[in-house]
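# Structure assessment
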Amino acid sequence: MYINMTSLSSVPPLFIKCGDIDDPSFTPYDLCSVINRLCGTGKLEGVQRINNLWRVYLNDKSTRLEVVLRKSIMILSKQVTIHDQNPYLTRAENGTNFKESNDKITIKTYHCP
């Protein structure tokens, strides 16, 4: 499956901390299955794990809003928080800009079936 990154630029990703799931065998396919059950098939573009953070890419802003309003979802019998913004970014001293708290980035992408 090809992800059109141009169309995704208008829909910011959602974030889930890997530590909240706390299962090393949890795969991108598992997360896709959870999100598809939550939103319905066809509303998920894909997921991406970068270091200790899952990014969830949805097709449209209304679906994203539905998920954000839930605030958490059930994954492996645990309530897992969904973050609207990257939880590893911290506000700069001026209060408006964000800066990353960790510089190391590893990117792995999985396209959902």
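Structure's up top.
Okay, so let's go over this structure. Computed from a predicted model, the values in this text were never measured in an experiment.

With that settled, consider the nonpolar core. Grouped together as the largest cluster of nonpolar side chains are 20 residues, with contacts concentrated most on Ile-16, Leu-31, Ile-35, Trp-54, Val-56, Leu-58 and Ile-75. Broken down by element, this core gets its largest block of residues, five residues, from helix α3 (residues 28-39). Once you skip the residues sitting within four places of it in the chain, Ile-75 turns out to touch Ile-16, Ile-21, Phe-26, Leu-31, Val-34 and Val-80.

Moving on to the pairing of strand β5 (residues 78-81). In this structure, strand β4 (residues 72-75) lies alongside β5, joined through four bridges in antiparallel fashion. Within β5, the position partnered with Met-74 by the bridge is Gln-79.

Within this structure, the stated rule accounts for one salt bridge. The partner of Arg-64 in a salt bridge is Asp-84, with the nearest N and O atoms 2.6 Å apart. Linking Arg-64 in helix α4 (residues 61-70) with Asp-84 in the loop between β5 and β6 (89-91), this pair joins segments that are 20 residues apart in sequence.

Below, the discussion takes up α4. Along α4, the residues classified as buried are Thr-63, Arg-64 and Val-67. The buried residues of α4 occupy an angular sector of 100° when projected down its axis, which confines them to one face. The outward face of α4, more than 90 degrees from its buried face, is lined by the exposed residues Lys-61 and Leu-69. Summarising the contacts, the buried residues of α4 are in contact with β1 (14-17), α3 and β3 (53-58).

In terms of burial, strand β2 (residues 44-50) is largely enclosed, as six of its seven residues are buried. In this structure, β2 lies alongside β3, joined through six bridges in antiparallel fashion. Within the sheet, the bridge partner assigned to Gly-46 lies in β3 and is Tyr-57. As consecutive antiparallel partners, β2 and β3 are separated by two residues, and within that stretch Asn-51 has a phi angle of approximately 50°, a positive value.

A word on the environment of Leu-38. Within the secondary structure, Leu-38 sits in helix α3. In sequence terms Leu-38 and Met-74 are 36 residues apart; their C-alpha atoms lie 9.5 Å from each other. Aside from chain neighbours lying at most four places away, what touches Leu-38 is Val-67, Arg-70 and Ile-73.

In this fold, Gln-48 is placed in strand β2. A residue is classified by how much of its surface remains accessible, and Gln-48, at 12% relative accessible area, is buried.

Moving on to the packing of aromatic side chains. One pass over the full model with this rule turns up one aromatic pair. On the basis of an interplanar angle of 85° and a centroid distance of 6.1 Å, the ring pair of Phe-26 and Trp-54 is categorised as edge-to-face. Of the two residues, Phe-26 is situated in the loop between α2 (18-21) and α3 and Trp-54 in strand β3; the sequence distance between them amounts to 28 residues. In this pair, the class of Phe-26 matches that of Trp-54, namely buried.

Conventions adopted
- Residues numbered from 1 in each chain as written.
- Predicted model: local features only at pLDDT ≥ 70, side-chain atom pairs only at ≥ 80, totals over all residues.
- Heavy atoms only, no water.
- Core = buried A, V, L, I, M, F, W, Y, C linked by side-chain atoms within 4.5 Å.
- Buried < 20%, exposed > 50% of the residue type's maximum accessible area, 1.4 Å probe, protein only.
- Helix = DSSP H or I, 4+ residues; strand = E, 2+ residues; numbered from the N terminus.
- Contact = heavy atoms within 4.5 Å.
- Pairing = 2+ DSSP bridges.
- Salt bridge = Lys/Arg side-chain N within 4 Å of Asp/Glu carboxyl O.
- Arc of directions from axis to C-beta.
- Phe/Tyr/Trp six-rings, centres within 6.5 Å; stacked < 30°, edge-to-face > 60°.

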